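# Structure at a glance
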Amino acid sequence: MIRIEKIMSLLETEYVGREIHYFQKLSSTNTVAKEQAEKGAKEGTTIVAEVQTQGRGRLSRPWVSPKGGVWLSIILRPKVKAEDALKITLTTAVAVAKTLRSLYGWKAEIKWPNDVLIRKKKVCGILTEASLNGKTVNFLVVGIGLNANFALKSLSENLQKTATTLKEVLKKNVDIEKLICTLLKEFEDCYKLFKEGKFVKLLSEWCQMAGFLGKKVEITSFMERWVGKAVDIDENGALIVELENGERKKVLSGDVTIQGA
Ligand code: BT5
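This section reports on the structure supplied with the text. Quick caveat: nothing in here was measured; it's all calculated off a predicted structure.

This part covers the overall build of the protein chain. Along the protein chain, the regular secondary structure elements total seven helices and twelve strands. Principal-axis analysis of the C-alpha atoms places the extent of the protein chain at approximately 55 × 45 × 30 Å. In the protein chain, 64% of the contacts between residues at least 6 apart in sequence involve partners at least 24 apart. For the protein chain, the exposed surface amounts to about 12,200 Å²; the carbon and sulfur share of it is 50%.

Have a look at this one:
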């Protein structure tokens, strides 16, 4: 069980997670966060669930969310343009990777755009959803799914090939409240930089933790597919890929598979 009183006593943030809504079972924390944001919930309000029955990833892909995971969503109200939502995903990935590095000393790596990996396997996925007012953001919900205290066998055989959990790597359970508090604090620190217009600083941290840069990758985006070398991220968070014919392509959304990984 996640103990909210313990979270409140350990939490060192100014506003992220200061208002926290806990559920034992929920369809999706992102869905509930969006409903609460529509009703005026303030920036930093966080929804946490022990189990999600309809956890989702991008393009409505299912996100398996058994008991023992960290399934949470944070409501944000930055004054930014619609296209800045991608930057929030990258900002969040930096916060997650820093959390895992500082708590457990692992070399957690980031894979564009929304995965955090340990030993090349996905331990965390991030889903940023936006409510727009024309071309500007009304609110954003950033959902973080972190495989913490459950065994890999809780996932399907297929997922066991690509995913991992903290328990699997550490061979024991982690202190889940401490993990959530550290994550919320790292997130707030990174988000403050984003709001101060210092995304470039976050990007340089991001690049240092992005193990796939410089490697051969396959990108799929909707019905298209490219193979090339992942060379960089631009100032908006788009991935720059050098195709085999030397052409440089800017990718704003899609999935990356690292070749030979
Ligand atoms: C993501 O999407 O990685 C975003 C996942 C976000 C989940 C959080 S949990 C809290 C909040 N509430 C929600 O409903 N969602 C957010 P994407 O890049 O599209 O990856 C989805 C793919 O990851 C699936 O198609 C599976 O292949 C794989 N997958 C599903 N469950 C997984 C798990 N627990 N661990 C690792 N991989 C998983």
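Still more to cover.
Another aspect to go through is the packing of helix α3 (residues 85–104) against helix α7 (residues 199–209). Running from amino to carboxyl end, α3 crosses α7 at an angle of 55 degrees, the nearest separation of the two axes being 10 Å. Considering their axes alone, α3 and α7 lie oblique with respect to each other. Every pair of crossing elements has a handedness; the one defined by α3 and α7 is left-handed. Contact with α3, carried on its side by Lys87, Leu90, Thr91, Ala93, Val94, Ala97, Lys98 and Arg101, involves Phe199, Leu202, Leu203, Glu205, Trp206 and Met209 of α7 and no other residues of that element.

Let's shift gears to α7. Within α7, burial applies to Phe199, Leu202, Leu203, Glu205, Trp206 and Met209. Down the axis, α7 shows its buried residues gathered within 165 degrees of arc, on one side only. Facing away from the buried side of α7 by over 90 degrees, the exposed positions are Val200 and Gln208. On the buried face of α7, the contacting elements are α3, β4 (109–111), α6 (176–195) and β9 (224–233).

Turning our eyes to something else, we now look at the pattern of salt bridges. Opposite charge on two side chains makes pairing possible when the charged atoms of those side chains draw close. Under the defined criterion, the tally for this structure stands at 24 salt bridges. The partner of Lys42 in a salt bridge is Glu19, with the nearest N and O atoms 3.1 Å apart. A residue pair is termed long-range when its members are at least 10 positions apart, and Lys42 in the loop between α2 (29–38) and β2 (46–52) and Glu19 in the loop between α1 (4–10) and β1 (20–26) qualify at 23 residues. Note that Lys122 is salt-bridged to Asp115, the shortest N-O span being 2.8 Å. One network of salt bridges, in which partners are shared, links Arg3, Lys6, Asp175 and Glu177.

Another aspect to go through is the packing of aromatic side chains. Across all of its chains, the model carries seven aromatic pairs by this definition. With a centroid separation of 6.0 Å and an interplanar angle of 40 degrees, the aromatic rings of Trp71 and Phe150 are classed as tilted. Of this pair, Trp71 sits in strand β3 (residues 70–76) while Phe150 sits in the loop between β7 (136–146) and α4 (157–162), and the two are 79 residues apart along the sequence. Taking the relative accessible area as the measure of exposure, Trp71 reaches 1% and is therefore buried. Ring centres 6.1 Å apart and planes at 20 degrees place the aromatic pair Tyr191 and Phe194 in the stacked group. Of the two residues, Tyr191 and Phe194 are both situated in helix α6; the distance of three residues between them amounts to about one turn of the helix. As far as the burial class goes, Tyr191 and Phe194 line up, both buried. These aromatic residues form a ring-pair network of at least three members: Phe187, Tyr191, Phe194 and Phe199.

What counts and how
- Residues numbered from 1 in each chain as written.
- Predicted model: local features only at pLDDT ≥ 70, side-chain atom pairs only at ≥ 80, totals over all residues.
- Heavy atoms only, no water.
- Helix = DSSP H or I, 4+ residues; strand = E, 2+ residues; numbered from the N terminus.
- Contact = heavy atoms within 4.5 Å.
- Areas by Shrake-Rupley, 256 points an atom, 1.4 Å probe, with all protein chains shown as cover.
- Axes fitted to C-alpha atoms, helices over the stretch in contact; angles between N-to-C directions.
- Parallel < 35°, antiparallel > 145°, perpendicular 65-115°, else oblique.
- Left-handed = near helix turned anticlockwise from the far one by under 90°.
- Buried < 20%, exposed > 50% of the residue type's maximum accessible area, 1.4 Å probe, protein only.
- Arc of directions from axis to C-beta.
- Salt bridge = Lys/Arg side-chain N within 4 Å of Asp/Glu carboxyl O.
- Phe/Tyr/Trp six-rings, centres within 6.5 Å; stacked < 30°, edge-to-face > 60°.

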